[in-house]
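Here are the chains, one letter per residue:
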Amino acid sequence: VSELPAWSGSELNGEADFDSSATESGGAEITISSDSRLMYSISHDGDDLVLRFDMHLFGDSGDCGDLEIEQVNKNELVVSGAEYLYYKESLSNDGRTLTVVIGENPVAGKIIYIDPGHGSYNENGSFDPGAIGQSGLEEHTVTYDVAQRVEEILLSWGADVRLTRGATSYA
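Residues numbered from 1 in each chain as written. Predicted model: local features only at pLDDT ≥ 70, side-chain atom pairs only at ≥ 80, totals over all residues. Heavy atoms only, no water.

Enquirer: I'm lost on the overall build of the protein in this one. Help?
Expert: Secondary structure assignment for the protein yields one helix and 14 strands. For the protein, the proportion of contacts with a sequence separation of at least 24, taken over those separated by at least 6, is 57%. Put simply, the protein shows about 10,400 Å² of open surface, and 46% of that area lies on carbon and sulfur atoms. (Helix = DSSP H or I, 4+ residues; strand = E, 2+ residues; numbered from the N terminus. Contact = heavy atoms within 4.5 Å. Areas by Shrake-Rupley, 256 points an atom, 1.4 Å probe, with all protein chains shown as cover.)

What follows is the structure in structure tokens.
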């Protein structure tokens, strides 16, 4: 299996058509099609979502549901209109058609509780570390680390996250 060449971001390698439509939830679905394999990147720039391609894009910018899709140069689309935009991308098997569904993150503004598990003291005052591995790694250490990572992701998506235990509960 050979690797696909990486796009340098400087030259445009052909043409692609794009079309957008509103989704039932007020988001947008963008479809980009070409006669050759697409190379692209998707990134966040503040609240905007930026889609860059290795091809000259042809299509119509404008309002799409609650979002604005703007072609800012030959090969770049910017989607704006909501905080905490999320996207789901799907590339066809031949690499010539990309579908990107964009909307406001469904966890934005929601209160989410995370219970890291173990790492607390029971009623008789003994500490519960959970399972202890052969290396001495205690379960409460792993569950708290995972909880903090999940918390960071959810916060970046606009959720109000609350841990049932803080670091002070852990030995």
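Past the structure itself, the notes keep going.
Enquirer: So what exactly am I meant to see when it comes to the pattern of salt bridges here?
Expert: Oppositely charged side chains can form a pair if their charged atoms are brought close together. Taken as a whole and judged by the stated rule, the model has three salt bridges. One salt bridge connects arginine 149 with aspartate 145, and the closest N-O pair in it is separated by 2.9 Å. Within this pair, arginine 149 and its partner aspartate 145 are both found in helix 1 (residues 139-156), separated by four residues, close to a single helical turn. Of the residues examined, arginine 149 reaches a relative accessible area of 54% and is grouped as exposed. (Salt bridge = Lys/Arg side-chain N within 4 Å of Asp/Glu carboxyl O. Buried < 20%, exposed > 50% of the residue type's maximum accessible area, 1.4 Å probe, protein only.)

Enquirer: Mind showing me how you'd approach the sheet that holds strand 8 (residues 76-80) here?
Expert: What links the strands of a sheet is backbone hydrogen bonding, and the strands pair in either a parallel or an antiparallel sense. Strand order in the open sheet formed by five strands is 3-4-8-7-6, with antiparallel pairing between adjacent strands. Both outer strands of the open sheet, strand 3 (40-45) and strand 6 (62-64), are each paired with one neighbouring strand and no more. Going from strand to strand, the sheet's axes swing by 25 degrees on average, the running direction of each strand aside. Bridging between strand 6 and strand 7 (residues 67-73) involves three bridges; their strand directions are antiparallel. Residue pairing in the sheet places aspartate 63 in a bridge with glutamate 68 of strand 7. (Pairing = 2+ DSSP bridges. Axes fitted to C-alpha atoms, helices over the stretch in contact; angles between N-to-C directions.)

Enquirer: Explain the sheet that holds strand 10 (residues 97-104) to me, please; I cannot follow it from the model alone.
Expert: Spatially, the five strands line up as an open sheet ordered 5-1-2-10-9, and their pairing is mixed. Among the strands making up the open sheet, the edge pair consists of strand 5 (56-58) and strand 9 (85-91). Taking each pair of neighbouring strands and ignoring which way they run, the sheet shows an average axis angle of 25 degrees. Pairing geometry for strand 9 and strand 10, over seven bridges, is antiparallel.

Enquirer: It is not clear to me how helix 1 should be interpreted in this structure. Could you clarify?
Expert: Since the α-helix turns once every 3.6 residues, residues separated by three or four places project in the same direction. Taking 1.5 Å per residue, 18 residues should reach 26 Å; helix 1 reaches 26 Å between its end C-alpha atoms and fits that length. Packing partners of the buried residues in helix 1 comprise strand 11 (111-114), strand 13 (127-128) and strand 14 (160-163). After helix 1 finishes, the residue glycine 158 shows a positive phi value of roughly 90 degrees. (Expected span 1.5 Å × (residues − 1).)

Enquirer: What exactly am I supposed to notice about the environment of leucine 163 here?
Expert: Tracing the backbone shows leucine 163 in strand 14. In this structure, the C-alpha to C-alpha distance between leucine 163 and aspartate 115, residues 48 residues apart in sequence, is 5.9 Å. Dropping the residues within four chain positions of it, leucine 163 is found in contact with Ile114, Tyr144, Ala147 and Glu151.

Enquirer: Would you explain the nonpolar core in this entry?
Expert: One broad rule of soluble globular proteins: the nonpolar side chains tend to lie buried together. Counting 22 residues, the largest nonpolar core has Ile32, Leu51, Val79 and Ile102 as the members making the most contacts within it. Mapped onto this core, the elements with two or more residues apiece are strand 1 (15-22), strand 2 (28-34), strand 4 (48-53), strand 7, strand 8 and strand 10. For isoleucine 32, the contacting residues outside a window of four places in its chain are Ala16, Asp17, Phe18, Leu38, Phe53, Leu57, Arg96, Thr97 and Leu98. (Core = buried A, V, L, I, M, F, W, Y, C linked by side-chain atoms within 4.5 Å.)

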